[in-house]
Amino acid sequence: MTDPASRAPTRESARTSGAGSRYSTWRLCAELSPLLRLLILTQLAFNIGFYAVLPFLAEHLGSAIGMAGWLVGFVLGLRTFSQQGLFVVGGWLVDRFGVRPVVLAGCALRIAGFVWLGYARAPEAVIGSVLVIGFAAALFSPAVESEVARQAVAREECGHGPRTRVLALFSVAGQVGAFAGPLLGALLLAVDFRTACLAGAAVFVVVLAGHLWLMPQHIPGRVRVRERGGARALLRNRRFLSLCCAYGSYLLAYNQLYLALPDEVQRAAGSQTPLSWLFALSSVLVVFTQLPVTRWAGDRLDLRRSMTAGLLLIAAGFAVVAAARPAGWTGTAGLLPAAGFVILLTVGQMLVVPAARAWVPDLAEEGRLGLYTGALSSVSGLIVLAGSAATGSLLDLGLPAAVPWLVLAAVPALAVALLPRRAKEAGAAA
């Protein structure tokens, strides 16, 4: 496929893009095909069901079941591994068997996992249910993400605007679900944790029924791959692996919302109460500004430049905290650098994520989009796993206040050099 980073925008495409930038979110939704609308609504429902339960899992395991802290951490780690680490397996299954059966299997497993978790009391039952929940996402998420990307590319090729706008809308739907899910879960926890689990399962029953009814048996243009050998070609695809490493660096930086930022908020405010407001700020920014940011970037930047700008903004967010730390501000003034970090990180995310997802179809082997979509998550997830341990050690070394934040700023800044070069440059180097 042609690398979009190598394509200069024509006068006609710029005119189309400029007109598209005036479209509202509702206009964009109305113009999407029924399949794309189904997939985007599926992402919204997935996150509502997931976040109605999982944010409250650690408290349930520790307080209601009485698990030791190390075991709670182990269970949460297993869930992450069974989901993120196995995305590549789910992607391979999508290429082999198609979107519909993999999504349906994932929904059925998620229903079973949530019901099982709601009734689980023994550690082995909890572990089993959490593994099922994680593997369910490893099935349906690559299926939905890869098909959204494929449909977005097809839509772009028909002259309906840049693919990144569809992928940005997909991100917004996921963020709305991630915002609404915990609110629903908090209400249901007034009854008990089991009720929250059963409500989460009910959401996936609705998704399962919707896909049984609306998802076509065969999606036009999608060809199932029968032969083996995709993994070997993927591991030899240096440009794709470079994208994975750069995306993994972004995810490692984003993970500092849960690692470095809480420490900074605790230092500045004396508690972590403001943390929830900073998370809400990030969610609100994505929901209300993701599409305008994507339209702006689509009119001016190719995919490589969009990711470069996003990574540099994220680096600037870390640098803001590093510059302010020597002053030792506390209270409201002390929280301003943390708020600046969250804003810059979120805007950087809005540039990086749609561009990375839009780039995968151009780097993937023909017919292997599911495998490559899953591999993007799995490879970058391994980078985060290794990098988070190093980051935790860095924060505990007792270094001068600004040093850990400067080191963290260097991670996304250096990741710019990892981004795949344009097709012509890569060919000349070869």
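Reading the values: rules and limits
- Residues numbered from 1 in each chain as written.
- Predicted model: local features only at pLDDT ≥ 70, side-chain atom pairs only at ≥ 80, totals over all residues.
- Heavy atoms only, no water.
- Salt bridge = Lys/Arg side-chain N within 4 Å of Asp/Glu carboxyl O.
- Helix = DSSP H or I, 4+ residues; strand = E, 2+ residues; numbered from the N terminus.
- Buried < 20%, exposed > 50% of the residue type's maximum accessible area, 1.4 Å probe, protein only.
- Patch = residues over 30% accessible without salt bridge, like charges linked within 9 Å, V, L, I, M, F, W, Y side chains within 5 Å.
- Areas by Shrake-Rupley, 256 points an atom, 1.4 Å probe, with all protein chains shown as cover.
- Axes fitted to C-alpha atoms, helices over the stretch in contact; angles between N-to-C directions.
- Parallel < 35°, antiparallel > 145°, perpendicular 65-115°, else oblique.
- Left-handed = near helix turned anticlockwise from the far one by under 90°.
- Contact = heavy atoms within 4.5 Å.
- Nonpolar A, V, L, I, M, F, W, Y, C, P; charged D, E, K, R; others polar.
- Expected span 1.5 Å × (residues − 1).
- Disulfide = S-S within 2.5 Å.
- pLDDT = per-residue confidence, 0-100.
- Core = buried A, V, L, I, M, F, W, Y, C linked by side-chain atoms within 4.5 Å.
- Phe/Tyr/Trp six-rings, centres within 6.5 Å; stacked < 30°, edge-to-face > 60°.

(A) Quick peek at the pattern of salt bridges. This structure, assessed with the given rule, holds 9 salt bridges. The salt bridge involving R267 is made with E264; its shortest N-O contact spans 3.0 Å. Highlighted residues: R267 and E264, both in helix α13 (residues 260–269), separated by 3 residues, approximately one helical turn. One salt bridge in this structure joins D302 and R305, with 3.2 Å as the shortest N-O distance. In this structure R305 comes out as partly exposed when scored by relative accessible area, which is 44%. In the salt-bridge network here, residues are joined through shared partners; they are E156, R163 and D362.

(B) Fine view of a nonpolar patch on the surface. Together, F179, L183, V284 and F288 line one region of the surface with nonpolar side chains, adding up to about 420 Å² of accessible area. Listed by contribution, the elements that provide at least two residues to the nonpolar patch are α9 (163–188) and α14 (273–300). Along the chain, the position of V284 falls in helix α14.

(C) Inspection of the packing of helix α7 (residues 99–119) against helix α10 (residues 193–214) at higher detail. The interhelical angle for the contact between α7 and α10, taken along N-to-C directions, is 165°, at an axis separation of 8 Å. Relative to α10, the element α7 lies roughly antiparallel. For the pair α7 and α10, the sense of crossing is left-handed. Listed contacts from α10 to R100, V103, L104, C107, R110, I111, F114, V115, L117, G118 and Y119 of α7 are F193, R194, C197, L198, G200, A201, F204, V205, V207, L208, H211 and L212. Residues belonging to the contact of α7 with α10 are distributed by class as follows: 17 nonpolar, 3 polar and 3 charged.

(D) A look at the environment of A309. Assignment of secondary structure puts A309 in helix α15 (residues 303–324). Classification of A309 as partly exposed rests on a relative accessible area of 26%. As a C-alpha pair, A309 and G348 span 39 residues in sequence and 7.2 Å in three-dimensional space. With near-sequence residues (within four places) excluded, A309 lies in contact with L301 and L351.

(E) Quick look at the environment of V342. As for its placement among the helices and strands, V342 is situated in helix α16 (residues 331–363). V342 gets classed as buried once you look at its relative accessible area, which sits at 0%. For the pair V342 and L281, spaced 61 residues apart in sequence, the C-alpha to C-alpha distance is 7.9 Å. Discounting residues that sit within four places of it in the chain, V342 has contacts with L257, L261, L278, L281 and S282.

(F) Fine view of helix α3 (residues 34–51). With 18 residues, α3 should reach 26 Å at 1.5 Å per residue; the first-to-last C-alpha distance of 26 Å fits that figure. Within α3, burial applies to L35, L36, L38, L39, I40, T42, Q43, A45, F46, N47, G49 and F50.

(G) The arrangement of the state of the cysteines in detail. The tally for this structure, following the rule as stated, stands at 0 disulfides. No disulfide involves C244; its nearest neighbouring cysteine sulfur is the one of C245, lying 6.8 Å away.

(H) Local environment of the confidence of the model for the chain. On average, residues of the chain score 85 in pLDDT, and 90% of them are at 70 or above. For the chain, per-element mean pLDDT is lowest for helix α1 (residues 11–20), which scores 39, and highest for α15, which scores 96. Confidence drops under pLDDT 50 across residues 1–23; counting only partners more than four residues distant or on other chains, this segment forms 35 contacts. Contacts of residues 423–430 to residues separated by more than four positions or lying in other chains number 6 contacts, the stretch itself having pLDDT below 50.

(I) View of the nonpolar core. Ranked by internal contacts, the top residues of the largest apolar core, which has 111 residues, are L117, V126, F240, Y250, L261 and F341. Among all residues touching Y250, those that are not within four sequence positions of it are L311, I314, Q349, V352 and V353. With 5 residues, the next largest nonpolar core counts V286, V293, M350 and L351 among its residues.

(J) Up close: the packing of aromatic side chains. Counted by the stated rule, this structure contains 11 aromatic pairs. Here F50 and Y51 contribute two aromatic rings whose centre-to-centre distance is 5.0 Å and whose plane-to-plane angle is 85°, an arrangement assigned as edge-to-face. Residue Y51 is classed as partly exposed on the basis of its relative accessible area, which comes to 28%. With a centroid separation of 4.8 Å and an interplanar angle of 55°, the aromatic rings of F318 and F341 are classed as tilted.

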